[in-house]
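What follows is the residue order along each chain.
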Amino acid sequence: MKIDRRSFLVASSSALVLGKSQPLLAAQEQPSETPEPPDVGRRVAARDITVYTTADKTAYRLSATDKLTFKPMGQPLETQICVFVDPSKKAQTMLGIGGALTDSSAEVYAKLPVAKQREFMDAYFDSDKGIGYNLGRTNIHSCDFSSASYTYVTEGDKELKSFSVDHDKQFRIPFIKRALATAKGKFTLFGSPWSPPAFMKTNNDMLHGGKLRPEFAQSWANYYTKFIKAYEREGIPIWGISVQNEPMATQRWESCIFSAEDERDFLKNYLGPTMKREGLGNKKIIAWDHNRDLIYQRVSTILADPKAAQYVWGIGFHWYEPWSGGEMMFDNVRLVRETFPSKPLIFTEGTVDSFKAEDIRAWRLGEYYGRSMINDFNDGAVGWTDWNVLLDEQGGPNHVGNFCFAPIHADTKTGELIYTNSYYYIGHFSKFVRPGARRIAASPSRSALLSTAFVNPDGKVSVVVMNKSDQKISYFLWMDGNAAEVTSLPHSIQTLVF
């Protein structure tokens, strides 16, 4: 079935429930350089809370809007709206939050004036001046967000003797290196392929689906290792890879179909052993890398085979399942977490599609992110990766016209940067939830509020509360018999830090 990412956008909502039994990640899945967050003391009376707000029809954009103090409060009444937080109930350890550093983003960045390039880098990758991205994804040769299709080898080179990433040295590699420098090296990057070279596929075309020819399985597995080693020679550490971007989608851009059995067998017979043989056994391999709709069937099929499962670090997923006319299927992610608790979950791509210049300030853009991020974290995701970090004034470049929104757009004619609401909504998480943070219990008492919460490695607690209603809501942030009264503006998101 053809899946068109441009048609997915529909309104949806969901209730958030923190499961009674929260499986913890195994110790080895925690970031190795980040200590376990300290326990938050139960005595929080008189502890100060800083409130940061982004709200529709206001000038608030990640603005410090209030300073509150916890005061004793017993049993709340049913009429008193609350967000309950319990730091003693910890769940997954966070890997990071960020976005995709694609060819398109790099090409648009190169067109900016030097001062705007610096502003852009600080806005995303500096944790003090900006929102502190520390997780990224990049494409293994071309994807739709490239100016044209290309590979790293000459056509027909099965032995990969011509392999070279010289193409990427013009824009993408310098762009990624600048981001790494701005993030002070504290950045986790993984790569994803959209399609093998045309000669390796049944349709002899990088576009329009097709499948990997069996006789090229080893050659394609070798390709991943060459990419990793080439990028690392350029000074760009690669944390891991996904097996295939959107492996069930026949697209008009770069795409390749893998059934669950295909992916399982490629993993256990070729990719996993090849990575190990090439000295890359420490690199993480992400399975699935597609929507929430088929995620359980996909994961259960692959992980049922121990020989394949041994090579799978975790499960990647996207948010485009509303392509069929339905809603986001958050419960499927929770089911995978509950059923396969040893395999981390990571959101690997999402974008509000179908770029229209007149909608660039539309508030729904940010709210789409807020709703998904809160649900995905509450359902167990350890990382969240947006799609393109930067696009131009047309939502591109894109070599098949699949123009999309990004959190930041650049007007390449004037050199100006345009910050959409998405940038600020994502920032309410990425700036205040750092790698190594543990998710903790958070429970709102009204469905108009969505919430999630974390304790960071430095012991600070960050609670994110989103008001998706048209009404101003007063609520109590309640913790262990103490509370502070908070005002949530209509269509707003807040991060409360204490």
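Residues numbered from 1 in each chain as written. Predicted model: local features only at pLDDT ≥ 70, side-chain atom pairs only at ≥ 80, totals over all residues. Heavy atoms only, no water.

### Things to note about the overall build of the protein chain
Consideration 1: Summing up its helical and strand segments, the protein chain has 10 helices and 21 strands in all.
Consideration 2: Summarising its shape, the C-alpha atoms of the protein chain cover approximately 70 × 55 × 40 Å along the three principal directions.
Consideration 3: Relative to its 498 residues, the protein chain shows a buried fraction of 61%.
Consideration 4: Considering only contacts in the protein chain between residues 6 or more positions apart, those separated by 24 or more positions represent 75%. (Helix = DSSP H or I, 4+ residues; strand = E, 2+ residues; numbered from the N terminus. Buried < 20%, exposed > 50% of the residue type's maximum accessible area, 1.4 Å probe, protein only. Contact = heavy atoms within 4.5 Å.)

### Observations concerning the packing of helix α2 (residues 114-125) against helix α3 (residues 172-182)
Consideration 1: At a closest axis distance of 9 Å, the pairing of α2 and α3 adopts a crossing angle of 55 degrees. Here α2 is positioned oblique relative to α3, judged by the angle of their axes. Seen along the crossing, α2 lies across α3 with a hand that is right-handed. On the side of α2, the interface is formed by Q117, R118, F120, M121, D122 and F125, while α3 contributes F175, R178, A179 and T182. (Axes fitted to C-alpha atoms, helices over the stretch in contact; angles between N-to-C directions. Parallel < 35°, antiparallel > 145°, perpendicular 65-115°, else oblique. Left-handed = near helix turned anticlockwise from the far one by under 90°.)

### Some points on the sheet that holds strand β21 (residues 492-497)
Consideration 1: Taken in spatial order, the 10 strands line up as β2-β1-β21-β18-β17-β16-β4-β19-β20-β3 in an open sheet, and their pairing is mixed. In the strand order of this sheet, the two ends are held by β2 (63-69) and β3 (71-72), each with one partner.
Consideration 2: Sheet strands in contact with helix α9 (residues 364-378) are β4 (82-93), β16 (438-444), β17 (449-455) and β18 (461-467), and its direction is about 55 degrees off that of β17.
Consideration 3: Strands in contact with helix α10 (residues 421-430) are β1 (48-55), β17, β18 and β21; relative to β21, the strand with the most contacts, it is inclined by about 20 degrees. (Pairing = 2+ DSSP bridges.)

### A few points about the environment of A64
Consideration 1: Its location among the elements puts A64 in strand β2.
Consideration 2: The residues contacting A64, other than those within four sequence positions of it, are V51 and Y52.

### A word on the nonpolar core
Consideration 1: Ranked by internal contacts, the top residues of the largest apolar core, which has 119 residues, are F120, F125, F266 and L390.
Consideration 2: Ignoring any residue separated from it by four or fewer positions in sequence, one finds F120 in contact with Y109, F125, F175, V389, L390, I408 and L417.
Consideration 3: Core analysis: the next-biggest nonpolar cluster, separate from the first, contains 25 residues, V40, V83, I440 and V461 among them. (Core = buried A, V, L, I, M, F, W, Y, C linked by side-chain atoms within 4.5 Å.)

### Things to note about the packing of helix α6 (residues 295-303) against helix α8 (residues 330-339)
Consideration 1: The contact between α6 and α8 brings their axes to 9 Å, and the two run at 25 degrees. Of the possible angle classes, the one that applies to α6 and α8 is roughly parallel. Residues I295, Y296 and V299 of α6 form the contact with α8, whose own contacting residues are N332, L335, V336 and T339.

### Some words on the sheet that holds strand β10 (residues 314-318)
Whether parallel or antiparallel, the strands of a sheet pair through hydrogen bonds between backbone atoms.
Consideration 1: With parallel pairing, eight strands are arranged side by side around a closed barrel as β5-β6-β7-β8-β9-β10-β11-β12. Direction aside, the axes of adjacent strands within the sheet are offset by 25 degrees on average.
Consideration 2: When strand β8 (residues 240-242) meets strand β9 (residues 284-291), the two strands line up parallel, connected through three bridges. Paired with I241 across the two strands is I285, which belongs to β9.
Consideration 3: Packing against the sheet, α6 makes contact with β9, β10 and β11 (345-349), and its axis sits at approximately 150 degrees to β9.

### Remarks on the packing of aromatic side chains
Consideration 1: Within this structure, the stated rule accounts for 44 aromatic pairs.
Consideration 2: Ring centres of F125 and Y133 lie 6.2 Å apart, and the angle between their planes is 75 degrees; on these two criteria the pair is classed as edge-to-face. In this pair, the class of F125 matches that of Y133, namely buried.
Consideration 3: Connected via pairs of aromatic rings, a cluster forms that spans Y150, Y152, F163, W220, Y223, Y224, F227, Y231, F258, F266 and Y270.
Consideration 4: Just above the ring of F216 sits the side chain of K158; from NZ or CZ to the centre is 5.4 Å. (Phe/Tyr/Trp six-rings, centres within 6.5 Å; stacked < 30°, edge-to-face > 60°. Lys NZ or Arg CZ within 6 Å of the ring centre and 35° of its normal.)

### Brief notes about the environment of L95
Consideration 1: Among the secondary structure elements, L95 is positioned in the loop between β4 and β5 (96-100).
Consideration 2: Classification of L95 as buried rests on a relative accessible area of 13%.
Consideration 3: C-alpha separation for the pair L95 and A381, spaced 286 residues apart in sequence, amounts to 9.0 Å.
Consideration 4: Excluding its chain neighbours within four sequence positions, the residues that come into contact with L95 are N134, L135, T188, W239, W313, I346, V382 and P435.

### Some points on α2
Consideration 1: When the terminal C-alpha atoms of α2 are compared, their 16 Å separation across 12 residues agrees well with the 16 Å that a helix rising 1.5 Å per residue should span.
Consideration 2: Regarding α2, the residues found buried are K116, Q117, F120, M121, D122, A123, Y124 and F125.
Consideration 3: Packed against the buried residues of α2 are α1 (103-110), α3, β13 (390-392), β14 (408-411), β15 (416-419) and α10. (Expected span 1.5 Å × (residues − 1).)

### Concerning the side chain of D289
Consideration 1: Note that D289 resides in strand β9.
Consideration 2: Here H318 takes part through its side chain, which lies 2.8 Å from a polar atom of the side chain of D289.
Consideration 3: With residues up to four places along the chain from it excluded, the contact list for D289 reads R137, S192, S242, Q244, N245, E246, P247, G316, F317, H318 and T348. (Polar contact = N/O pair within 3.5 Å; in protein donor to acceptor, adjacent residues only side chain to side chain.)

### Comments concerning the pattern of salt bridges
Consideration 1: One pass over the full model with this rule turns up 24 salt bridges.
Consideration 2: The salt bridge partner of D331 is R334, with a shortest N-O separation of 2.9 Å. With a gap of three residues between them, D331 and R334 both fall in helix α8, about one helical turn apart.
Consideration 3: Overlapping salt bridges, with partners in common, bring together D331, R334, R337 and E338 in one network. (Salt bridge = Lys/Arg side-chain N within 4 Å of Asp/Glu carboxyl O.)

### Thoughts on unusual backbone geometry
Consideration 1: With an omega of 5 degrees, the peptide bond running from G396 to P397 counts as cis.
Consideration 2: With respect to the element layout, P397 can be found in the loop between β13 and β14.
Consideration 3: The phi angle at H141 is positive, at roughly 50 degrees, despite the residue not being glycine.
Consideration 4: Tracing the chain through its elements places H141 in the loop between β6 (135-140) and α3.
Consideration 5: Non-glycine residue L160 carries a positive phi angle of around 60 degrees.
Consideration 6: Following the sequence through the fold, L160 ends up in the loop between β6 and α3.

### Focus on the side chain of S104
Consideration 1: Structurally, S104 can be placed in helix α1.
Consideration 2: Overall, S104 belongs to the buried group, its relative accessible area being 0%.
Consideration 3: Of the polar contacts made by the side chain of S104, one reaches the backbone oxygen of F145; its length is 2.8 Å.
Consideration 4: Apart from the residues lying within four places of it in its own chain, the contact partners of S104 are F145, S146, N388, L390, L391 and P397.

Such coordinate-based values are descriptive only and should not be taken to indicate function.
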